[in-house]
Amino acid sequence: MRKKYFTMIMLFLLPAFLFGCASQEANELTVDRKDAVIIALPSTAEPEAGFDPVYGWGAGEHVHEPLLQSTLTVTNEDLTIGYDLATDMEVSANGLSWRVDIRNDVYFTNGDRLTAKDVAFTYNTVKKLSTVNDFTMLDYTEAINDTQVIFHLNKPYAIWPYSMANVGIVPEKNYNSGYGLNPVGSGRYRLVQWDKGQQVILEANENYYGEIPKMKRVIIVFMNEAAAYTAVKANQVDLAYTVASYADNGAQGYHLLRAATVDNRGLNLPAIPFDGTKGNDVTSDLALRQAINIGIDRQALIENVLYGYGQAAYSVCDAMPWFNEASVVAYDLAAANALLDDAGWQKGADGIRQKEAVLAQLNIIYPADDSLRQAIAAEVANQLQNLGIKATYEGVGWDSAYERAQRDVLVWGWGAHTPMEMYNIYHRAPQDDLAIYSPYANETADQLMDQALTADSLEHSFVLWQEAQALVNEDIPWVWLANVEHLYWCRDGLQIPSQKIHPHGHGWSIVNNVDKWSWSE
Amino acid sequence: MSNILKLTLYQLGRLVSLLFFVSLATFALVSFSPVDPLQANLGQSTLGALSAEQIERLKIYWGVGIPFWERYFAWIGGFLQGDLGISLLYRREVSIVLQEKLANSLWLMTAAWVISGFLGILLGIIAGSKEHSLLGRLINCCGLIMTSVPTFWLALLLLVIFALWLGWLPIGLSVPIGLESTAVTWADRLRHGILPILTLSLTGISSIAFHTREKMIAVMNSDYVLFAKARGDSLWRIIRRHGLRNILLPTVTLQFAAISEIFGGSVLIEQVFSYPGLGQAAVKAGLGGDVPLLLGITMISAILVFSGNMIANILYGCLDPRMRHQWQKAGRQ
């Protein structure tokens, strides 16, 4: 009897073991490893709607080069503007129309030539359908001839070249609702295969008008943190994203790659007294806000929370061309306490400061699903004790976070390759006398930012952004803490040239220059 | 003939009303859920770079602020005409997305369901008929461990052992990394399915084994088994003649009800093994506020679970002549 059971169980399990043992070698990749690379990116990096620039491929939370398509402009390593398809551009005196000349030697991978018509079609379609690209300032786009296109704007928008860096050009003839699945572009790579929910395989475009990619085949798999780590441990990928908490536990044959970012974390400090719905009686005190700005030890925070993998942040746009370097402040606890003493914040018996009837007490909130921001909230609360400020911290859902931030301090994450972010944070919201995310208003700074948008050149607009920033820095309606470095496990021997500063979000930025990667012998 | 027709109509009516209420409940839950689709899909920093005008446009796309009833009627109107709508996230027809995901998930779940059912019943019978033997205790003990182990933890454990240490099996995905689909063989797919199937079936085995064991013990302690033993029947003969017949009904009920558990388990498993199935899609649709896709997945799972129970109902008649007679009698009246 027993023999029978045994046989039955064995019959059942045998195939599993046979398969396990038999196909060990099938794991290995069959392509030539000399010019191929396998990269693990987060599952969230997979574009659900496909590789369609109209629906946000390349844009959005995490701006990156679309690879499969060409853009008119590109952002350089220092985030200034360079040319991709464009050869020249000029803005009219009233700032309302942009003329852009484009190359005449560019072909889509299906053999058709890319003309100004395709550019006009792309922008008009993006304007009509787009999800994450903001093209409300664009009226319409027209092609003058094959190599010249004119953008007609509703209002002057000096940073238009940054918007042009986000939109991959699609062919008018081949564009339809299924484009995202079968993209035809003129970029450095073409899409060979997309196994939805798993991986994409890209192949070098040998007819590319620029430098032909060195890396001929790029395979990107989408995995969560733990799976990407397992993939590294199992030696199955060449590069995998990771987070600081894994960084001390490397795998044989891999090293840690640290990418500088503008992926910042910061706190809003409501700048008006509590009026029943908005504002905060503690943070509405200017001296207290200034004291927090210089009284927080950013380096200690980075060591404690980010395991050292970060850079101190002093603005929402550190190291961007529109960043004002005067934003950098030195950590000075004594000066911070002196500021508070002078402003009339007296220490009580329990060490907590008080000014008239107001107790120096804050509640720092953070999105409950974000462990990093939770750790930052805890660290800040801890450090604020040194200033005599009592702080508690509390996790909240995103449904209430925005509304709560109108009166509480929230741990935010920003970092975009456009000054519009700074504009939306500090500038008063349309039809409102306060900024949208945290109550604050500075009329002179607003005027400077409006002027920056209507400036006659990018260089001039950078100066105006910086001037606006200088004014904001006197008010400290936000305090910026750290830029989180993006970390990757990189197989030894994989050569990755220096990268432009990554924006918020761990994603495709790392492959912006994958065409220039190589394997050392 | 009219009997079968009546039964079919009755079941069909039940299915329709079930689908109606499930869809209504899902819609209501989604409407009350605190998930803000804009925040969830675009992220806080994207929203920061958008103008208020663009945010308004996006709110309309994601259906933010449109009354619950209006959205529901629009959806059900399409559903009745066989149109599941267009997924807001994937921007393709929900039916196509569902097909893709089902193709990945269905064989996984079916295999796990069959294996867990087969092994569960087998082990339950052994453990029940030899309650006090070493083997019986061992099965009992393993079953208890399996019930207490969280599914995702077991998945991680198997992953570490078979994929990382032994290197026998792939670390995830449903196809080999970097291989073009024309070169992918069924053996590749099978290999990639082994760990998810193994995890899913292991966690499913214990409940079915325990119930079978319980019933088997009751049978073994009955007078008729005592009589059979006294008559000198062998254990196998007792199991076949008395055991199997008695345990079959509850076991069939349980096994078909387990479809919903397998479905739920696959959500966790697919996360661990980066497996692109229905479970992952359900999570994405739910967290991303993709109402049409979520509704589509909910409907599919409701139909699957309902069919499971219905098949169990029909099987009762085949397995148990007493029930068959009862139904026939009821039909005649």
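Just so it is clear, the structure is predicted and the values come from calculations on it, not from any experiment.

A short note on the overall build of chain B
Part 1 of the argument: Within chain B, the regular secondary structure consists of 14 helices and zero strands.
Part 2 of the argument: In chain B, the order of α-helices and β-strands from amino to carboxyl end is α-α-α-α-α-α-α-α-α-α-α-α-α-α.
Part 3 of the argument: Dimensions of chain B along its principal axes, counting C-alpha atoms only, are 85 × 65 × 40 Å.
Part 4 of the argument: Counting only residues that meet the buried cut, chain B has 48% of its 333 residues in that class.
Part 5 of the argument: In the structure as shown, chain B presents an accessible area of about 16300 Å², 69% of it carried by carbon and sulfur atoms.
Part 6 of the argument: Seen as two clouds, the 25 positive and the 17 negative side-chain charges of chain B have centres 15 Å apart.

Quick notes on the overall build of chain A
Part 1 of the argument: Helix and strand counts for chain A stand at 12 helices and 24 strands.
Part 2 of the argument: In terms of overall dimensions, chain A is globule-like: its C-alpha atoms have a radius of gyration of 26 Å, near the 24 Å expected for 521 residues.
Part 3 of the argument: The principal-axis extents of the C-alpha atoms in chain A amount to approximately 80 × 80 × 45 Å.
Part 4 of the argument: Classification of the 521 residues of chain A by burial places 58% in the buried group.
Part 5 of the argument: Of all intrachain contacts in chain A linking residues separated by at least 6 positions in sequence, the fraction that spans at least 24 positions is 68%.
Part 6 of the argument: Here chain A displays about 20400 Å² of accessible surface, and carbon together with sulfur accounts for 49% of that area.

Looking at the pairing of strand β1 (residues 36-42) of chain A
Put simply, side chains in a regular strand alternate between the two faces of the sheet.
Residues and elements named next belong to chain A.
Part 1 of the argument: Within β1, seven of the seven residues are buried, leaving the element largely enclosed by the surrounding structure.
Part 2 of the argument: Pairing of β1 with strand β10 (residues 217-223) involves seven bridges; the strand directions are parallel. The residue of β10 that forms the bridge with I38 is I219.
Part 3 of the argument: The sheet contact formed by β1 and strand β11 (residues 239-242) spans two bridges and is parallel. Residue A40 lies in a different strand from β11, and its bridge partner there is A240.

What to know about the nonpolar core
Part 1 of the argument: Within the largest apolar cluster, 179 residues are counted, with the highest numbers of intra-cluster contacts made by A:Y123, A:F151, A:W160 and A:W517.
Part 2 of the argument: For this core, the leading source of residues is helix α6 (residues 94-129) of chain B, giving eight residues.
Part 3 of the argument: Among residues more than four places away in sequence, those in contact with A:F151 are A:L72, A:L96, A:S97, A:W98, A:V100, A:V119, A:Y123, A:L138, A:Y140, A:T141, A:W160 and A:M164.
Part 4 of the argument: A:A291, A:L301, A:V305 and A:L340 belong to the second-largest nonpolar core, a separate cluster that totals 36 residues.

Comments concerning the sheet that holds strand β17 (residues 358-359) of chain A
Residues and elements named next belong to chain A.
Part 1 of the argument: Strand order across the open sheet formed by three strands is β15-β16-β17, with antiparallel pairing between neighbours. The sheet terminates laterally at β15 (346-347) and β17, the two strands that pair on one side only.
Part 2 of the argument: Alignment of β15 against strand β16 (residues 353-355), held across two bridges, turns out to be antiparallel. Residue pairing in the sheet places K347 in a bridge with R353 of β16.

Comments concerning the interface of chain A and chain B
Part 1 of the argument: The interface of chain A with chain B comprises 69 residues on the first partner and 58 residues on the second.
Part 2 of the argument: Where chain A abuts chain B, roughly 5700 Å² becomes buried across the two surfaces, and 59% of that area is made up of carbon and sulfur atoms.
Part 3 of the argument: Linking chain A to chain B there are three salt bridges.
Part 4 of the argument: For the pair chain A and chain B, the number of links is nine residue pairs in polar contact (both at pLDDT 80 or more).
Part 5 of the argument: Its residues assigned to classes, the side of chain A that touches chain B comprises 33 nonpolar, 22 polar and 14 charged.

So, the sheet that holds strand β7 (residues 148-153) of chain A
All names here are of chain A.
Part 1 of the argument: A sheet is described by the order of its strands in space; here four strands give the open sequence β4-β5-β7-β6, paired in antiparallel fashion. The sheet is open, and its two borders are formed by β4 (86-91) and β6 (138-145), each paired with just one other strand. For this sheet the average axis-to-axis angle between neighbouring strands, irrespective of direction, equals 20°.
Part 2 of the argument: Sitting on the sheet, helix α2 (residues 116-129) is in contact with β5 (97-102), β6 and β7, with an inclination near 170° to β6.

A closer look at the confidence of the model for chain A
Part 1 of the argument: Residue-level pLDDT values for chain A average 90, and 94% of them are 70 or greater.
Part 2 of the argument: Overall, residues 16-31 of chain A carries pLDDT values under 50, and its contacts beyond four positions in sequence, including any with other chains, amount to 26 contacts.

A closer look at the pattern of salt bridges
Part 1 of the argument: Here the structure, examined in full by the defined rule, presents 31 salt bridges over all chains.
Part 2 of the argument: Measuring nitrogen to oxygen at the nearest pair gives 2.7 Å for the salt bridge that ties A:D341 to A:R353. Taken together, the residues A:D341 in helix α7 (residues 333-342) and A:R353 in strand β16 connect sequence positions 12 residues apart.
Part 3 of the argument: The salt bridge partner of B:R237 is B:D233, with a shortest N-O separation of 3.6 Å.
Part 4 of the argument: Here the salt bridges share partners, and the residues they tie into one network are A:E65, A:R188, A:K500, A:D515 and A:K516.

Remarks on the packing of aromatic side chains
Residues and elements named next belong to chain A.
Part 1 of the argument: For the structure on display, the rule yields 41 aromatic pairs over all chains.
Part 2 of the argument: An aromatic cluster is built from W398, Y402, W412, W414, Y437, W478 and W480, whose rings are joined through pairwise contacts.
Part 3 of the argument: A cation over a ring is seen here: K196 above W194, with NZ or CZ 5.4 Å from the ring centre.

Remarks on the environment of A:E48
Part 1 of the argument: Position of A:E48 relative to the elements: it lies in the loop between β1 and β2 (73-75).
Part 2 of the argument: Between the C-alpha atom of A:E48 and that of A:N174, which follows or precedes it by 126 residues, the distance is 20 Å.
Part 3 of the argument: In contact with A:E48, other than residues within four places in its own chain, are A:W194, B:L89, B:Y90 and B:K284.

Focus: the confidence of the model for chain B
Parts of the model with low pLDDT should not have their predicted coordinates read in detail.
Part 1 of the argument: Summary statistics for chain B give a mean pLDDT of 85 and a share of 98% for residues scoring 70 or more.
Part 2 of the argument: Two numbers describe this predicted complex: its pTM, 0.87, and its ipTM, 0.84.

Points about empty space enclosed by the protein
Residue and element names in this part refer to chain A.
Part 1 of the argument: All chains considered together, the criterion is met by three cavities of 30 Å³ or more.
Part 2 of the argument: Taken as a whole, the largest cavity holds about 110 Å³ of empty space.
Part 3 of the argument: Forming the boundary of the largest cavity are 13 residues, of which V63, T75, A165, N166 and K500 lie nearest the centre.
Part 4 of the argument: In terms of residue class, the lining of the largest cavity is made up of four nonpolar, seven polar and two charged.
Part 5 of the argument: The computed volume of the second largest cavity comes to approximately 60 Å³.
Part 6 of the argument: The residue makeup of the lining of the second largest cavity, split by class, is five nonpolar, three polar and four charged.

A closer look at a nonpolar patch on the surface
Residue and element names in this part refer to chain B.
Part 1 of the argument: A contiguous nonpolar patch, built from F152, W153, L156, L157 and L268 and spanning about 430 Å² of accessible area, is present on the exposed surface.
Part 2 of the argument: Per-element tally for the nonpolar patch: the top contributor is helix α8 (residues 151-165), with four residues.
Part 3 of the argument: Position of F152 among the secondary structure elements: in helix α8.
Part 4 of the argument: Classification of F152 as partly exposed rests on a relative accessible area of 41%.

Here we look at the side chain of B:Q11
Part 1 of the argument: Residue placement: B:Q11 occurs in helix α1 (residues 2-32).
Part 2 of the argument: Judged by relative accessible area, B:Q11 falls into the buried class, the value being 9%.

Notes on the packing of α8(B) against helix α9 (residues 186-220) of chain B
Each packed pair of helices is defined by two parameters, the angle between the axes and the distance between the axes.
All names here are of chain B.
Part 1 of the argument: Interhelical geometry of α8 versus α9 gives an angle of 140° and a closest axis separation of 10 Å. Regarding the angle of α8 to α9, the classification is oblique. For α8 against α9, the interelement crossing comes out right-handed. For the pair α8 and α9, contact is made by T151, L154, A155, L158, L159, F162 and A163 and by L195, L198, T199, L202 and T203, respectively.

With respect to unusual backbone geometry
Part 1 of the argument: Its identity is not glycine, yet A:A319 carries a phi of approximately 70°, on the positive side.
Part 2 of the argument: Judged by its relative accessible area of 47%, A:A319 is partly exposed.
Part 3 of the argument: Although it is not a glycine, B:S274 adopts a positive phi angle of roughly 45°.
Part 4 of the argument: Mapping B:S274 onto the fold places it in the loop between α11 (235-272) and α12 (278-288).

Considering the environment of A:V463
Part 1 of the argument: Locating A:V463 in the fold gives a position in helix α12 (residues 458-475).
Part 2 of the argument: Taking the C-alpha atoms as reference points, A:V463 and A:Y254, 209 residues apart in sequence, are found 43 Å from one another.

Procedures and definitions
Residues numbered from 1 in each chain as written. Chains lettered and ligands numbered in written order. Predicted model: local features only at pLDDT ≥ 70, side-chain atom pairs only at ≥ 80, totals over all residues. Heavy atoms only, no water. Helix = DSSP H or I, 4+ residues; strand = E, 2+ residues; numbered from the N terminus. Buried < 20%, exposed > 50% of the residue type's maximum accessible area, 1.4 Å probe, protein only. Areas by Shrake-Rupley, 256 points an atom, 1.4 Å probe, with all protein chains shown as cover. Lys, Arg positive; Asp, Glu negative; His and termini not counted. Charge placed at Lys NZ, Arg CZ, Asp CG, Glu CD. Rg over C-alpha atoms; globule rule 2.2 N^0.38 Å. Contact = heavy atoms within 4.5 Å. Pairing = 2+ DSSP bridges. Core = buried A, V, L, I, M, F, W, Y, C linked by side-chain atoms within 4.5 Å. Buried area = accessible area lost by both parts, 1.4 Å probe. Salt bridge = Lys/Arg side-chain N within 4 Å of Asp/Glu carboxyl O. Polar contact = N/O pair within 3.5 Å; in protein donor to acceptor, adjacent residues only side chain to side chain. Nonpolar A, V, L, I, M, F, W, Y, C, P; charged D, E, K, R; others polar. Axes fitted to C-alpha atoms, helices over the stretch in contact; angles between N-to-C directions. pLDDT = per-residue confidence, 0-100. Phe/Tyr/Trp six-rings, centres within 6.5 Å; stacked < 30°, edge-to-face > 60°. Lys NZ or Arg CZ within 6 Å of the ring centre and 35° of its normal. 1 Å grid on protein atoms, 1.4 Å probe; cavity = no way out; pocket = protein on both sides within 12 Å on 5 of 7 lines; lining within 4 Å. Points joined across faces, edges and corners; volume = space filled by probe spheres on them. Patch = residues over 30% accessible without salt bridge, like charges linked within 9 Å, V, L, I, M, F, W, Y side chains within 5 Å. Parallel < 35°, antiparallel > 145°, perpendicular 65-115°, else oblique. Left-handed = near helix turned anticlockwise from the far one by under 90°.

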